[in-house]
Amino acid sequence: MIVRMLARSEASGTVHPCSTAPRTTRRRHDSPLPSRLARRFDRLDASIESGFHRIYERLDRMVSTEVFTVNQAAMNARLEGLTQKDAALEQKIDRTEEHRRSDRRTTITSLFSAGIAILLAVSGWVVTALNNTPVP
């Protein structure tokens, strides 16, 4: 009977008080009980389950590859259209600026011509007034 007790105490890591064998440093709480293991596994399972639940939530918010590809192609087509519109607007702006420059040149030329005509008229009037002769 003592041999059985010693065998059981060695297997469990404890030493019988009547035994002369040296005590080990192993404590009673070093080896987890089945109930502790079950609780740990339950917590681990719950943690893994909540992690998968968060991943599934994120995947539900993600779009599929097909939808992304279609959307990307539509965005590229829209971007190409906007690029063409931008180029057309740039050309229109350039033409408008050139037209304004041309209008400015025409306006300046008209004003200069009118000024010269006025100067010629005034100079003719002055010459006529000084000579008191009628202008033919």
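Above this note sits the structure.
Residues numbered from 1 in each chain as written. Predicted model: local features only at pLDDT ≥ 70, side-chain atom pairs only at ≥ 80, totals over all residues. Heavy atoms only, no water.

Draft legend 1. Broad picture of the overall build of the protein. The secondary structure content of the protein amounts to three helices and zero strands. Taking all 136 residues of the protein together, 2% fall into the buried category. For the protein, the exposed surface amounts to about 13,000 Å²; the carbon and sulfur share of it is 62%. (Helix = DSSP H or I, 4+ residues; strand = E, 2+ residues; numbered from the N terminus. Buried < 20%, exposed > 50% of the residue type's maximum accessible area, 1.4 Å probe, protein only. Areas by Shrake-Rupley, 256 points an atom, 1.4 Å probe, with all protein chains shown as cover.)

Draft legend 2. Broad picture of the packing of aromatic side chains. Throughout the structure, instances matching the rule amount to one aromatic pair. Geometrically, the ring pair formed by Phe52 and Tyr56 is stacked, given 6.3 Å between the ring centres and 25° between the ring planes. You can see Phe52 and its partner Tyr56 sitting in helix α2 (residues 34-61), four residues apart, about one turn around the helix. (Phe/Tyr/Trp six-rings, centres within 6.5 Å; stacked < 30°, edge-to-face > 60°.)

Draft legend 3. Examining a nonpolar patch on the surface more closely. A cluster of nonpolar side chains, contributed by Leu37, Phe41, Leu44, Ile48, Phe52, Ile55, Tyr56, Leu59 and Met62, occupies part of the molecular surface with about 920 Å² of accessible area. Secondary-structure assignment places Ile55 in helix α2. By relative accessible area, which is 44% here, Ile55 ends up partly exposed. (Patch = residues over 30% accessible without salt bridge, like charges linked within 9 Å, V, L, I, M, F, W, Y side chains within 5 Å. Salt bridge = Lys/Arg side-chain N within 4 Å of Asp/Glu carboxyl O.)

Draft legend 4. Structural detail: the pattern of salt bridges. Across all of its chains, the model carries three salt bridges by this definition. The salt bridge partner of Arg101 is Glu97, with a shortest N-O separation of 3.9 Å. Taken as a pair, Arg101 and Glu97 lie in helix α3 (residues 65-131) at a separation of four residues, close to a single helical turn. Using a relative accessible area of 37% as the deciding quantity, one classes Arg101 as partly exposed. For Arg101, the salt bridge identified is with Glu98, shortest N-O distance 2.8 Å. In this pair, Arg101 and Glu98 both sit in helix α3, three residues apart, roughly one turn of the helix.

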